[in-house]
Amino acid sequence: MIRDIKLSDKKDVLRISSQIWGGNDYVSGVFDEWVKDEDGLFTGYWENEILIGFGRMRFLTPANIWLEALRKDPQTDVKGVGQKIAKYYMEHLKGKRIESVRFSTYFGNIASIKLNEKLGFNMILKLSLKELEISNHQIKPINEAISTYIDYDMLDKYILDSSYLIGSKNFIGRGWVVHQYSSKLLEEFHSEKQYVIYSENGEIKGAILFSDVDYKNVYWISLIEAENEEIYKELLNSAISRALENNCKKIQLLVPDISKLMGIVNLSSFRSWEQNNDFLLYEMPENLIGQITGV
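Residues numbered from 1 in each chain as written. Predicted model: local features only at pLDDT ≥ 70, side-chain atom pairs only at ≥ 80, totals over all residues. Heavy atoms only, no water.

Caption draft 1: Structural detail: the overall build of the protein. Each helix and strand in the protein was counted, giving 10 helices and 14 strands. For 295 residues, the compact-globule estimate of 2.2 N^0.38 gives 19 Å, and the C-alpha radius of gyration of the protein, at 20 Å, lies within 12% of that figure. In terms of its C-alpha atoms, the protein occupies a principal-axis envelope of roughly 65 × 45 × 35 Å. Counting over 295 residues, the protein shows a buried share of 53%. Separation of charge centres in the protein, based on 35 positive and 42 negative side chains, amounts to 6 Å. (Helix = DSSP H or I, 4+ residues; strand = E, 2+ residues; numbered from the N terminus. Rg over C-alpha atoms; globule rule 2.2 N^0.38 Å. Buried < 20%, exposed > 50% of the residue type's maximum accessible area, 1.4 Å probe, protein only. Lys, Arg positive; Asp, Glu negative; His and termini not counted. Charge placed at Lys NZ, Arg CZ, Asp CG, Glu CD.)

The following block contains the structure:
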């Protein structure tokens, strides 16, 4: 049986979630919010009245779908759980004008990759998830050239021309949820002051976009661009200070295949969990979306 997850299902959901990512799964921190959220589906699969798995389908926009948190109880031998949940979601898209259906996964999540490739998803981008431990860092003075006082249009032009955006094929991550860059998306960063810029004589020489995420103790950089290594270091110093002020213990970001940026990130003691190119973005082809929606 497949149905929406209720508040009364929390214990069973957390039973499964506690076995994922070494007990560090983020679902426990967002469960209440997801149950109340009407802009998407938070769905479970039960067999013999026992919760076997769950997942979430989210509308990033009315036409752009994000699939996330597909989980299966590691203790069960029941087959096809993910496929059943995914097909359930696709049924809910019938008759809707949908532009994209995407999800991200870790390179080692072989079961999820095989399942979704079987459903027709194609991998469209590889990025490298990098992490910096900052528990032993201290808050330092911020360079006077760094601020959040910049005209929106100037920031938009700088981001659009950035090597980061070119290398990421116009995608940026807000955590593991990947958004296609747009003026509307940047408006959110700008209005919420989720950015800093490094400027000289009124000209932007570097910038960071950062995002609030649901991952415990993590400060997330969505984009970083700098004219040179010195400016990069000043921007990173400001990010570390902000992270510490928010009681975060690590910084994470996705790095496109840009040798200059990758080199600077590695020199700054960022590390991969296992390897580069470990973060995979998948997308459903337009013709398959059309077959599913009938639109």
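Caption draft 2: Focus on the pattern of salt bridges. Per the counting criterion, the structure on display carries 15 salt bridges. In this structure, the salt-bridge partner of E68 is R56, at a minimum N-O distance of 2.9 Å. Pair noted here: E68 is in strand 4 (residues 64–72) and R56 is in strand 3 (residues 50–61), with a separation of 12 residues, a long-range link. For R56, a relative accessible area of 5% corresponds to the buried category. For the salt bridge of E283 with R102, the shortest nitrogen-to-oxygen distance reads 2.8 Å. With E283 in strand 14 (residues 279–283) and R102 in strand 5 (residues 100–106), this residue pair connects regions lying 181 residues apart in the sequence. By relative accessible area, which is 22% here, E283 ends up partly exposed. A single salt-bridge network, built from bridges that share partners, covers D12, R15 and D73. (Salt bridge = Lys/Arg side-chain N within 4 Å of Asp/Glu carboxyl O.)

Caption draft 3: Spotlight on helix 9 (residues 259–267). Among the residues making up helix 9, those that are buried are L261, M262, I264 and V265. Considered in projection along helix 9, the buried side chains sweep an arc of 165 degrees and stay on one side of the axis. Exposed side of helix 9, more than 90 degrees from the buried face: S259, K260 and L267 are the residues found there. Looking at the buried side of helix 9, the elements it contacts are strand 6 (122–133), helix 6 (163–167), strand 12 (218–226), helix 8 (229–245) and strand 13 (250–255). (Arc of directions from axis to C-beta. Contact = heavy atoms within 4.5 Å.)

Caption draft 4: Broad picture of the packing of helix 5 (residues 152–160) against helix 7 (residues 183–191). Running from N to C, helix 5 and helix 7 point in directions that differ by 120 degrees, and their axes come no closer than 11 Å. Judged on the interaxial angle alone, helix 7 and helix 5 are oblique. Once helix 5 is placed against helix 7, the crossing between them reads as right-handed. On helix 7, the residues that touch Y152, L155 and D156 of helix 5 are S183, L186, E187 and H190. Here the residues of the contact of helix 5 with helix 7 are counted per class, giving three nonpolar, two polar and two charged. (Axes fitted to C-alpha atoms, helices over the stretch in contact; angles between N-to-C directions. Parallel < 35°, antiparallel > 145°, perpendicular 65-115°, else oblique. Left-handed = near helix turned anticlockwise from the far one by under 90°. Nonpolar A, V, L, I, M, F, W, Y, C, P; charged D, E, K, R; others polar.)

Caption draft 5: Representation of the nonpolar core in the model. One finds L155, I159, I172 and I251 to be the most contacted residues of the largest nonpolar core, which totals 76 residues. Ranked by residue count, the leading element in this core is helix 8, at eight residues. Counting 27 residues, the second-largest nonpolar core is a separate cluster that includes Y45, Y89, L115 and L288. (Core = buried A, V, L, I, M, F, W, Y, C linked by side-chain atoms within 4.5 Å.)

Caption draft 6: Inspection of the pairing of strand 9 (residues 177–180) at higher detail. Across four bridges, strand 8 (residues 171–174) lies against strand 9 in antiparallel orientation. Bridge pairing in strand 9 links F171 to Q180. Taking the residues that link successive antiparallel strands as the turn, the strand 8-strand 9 hairpin has two residues, and the phi of G175 there is positive, at about 75 degrees. (Pairing = 2+ DSSP bridges.)

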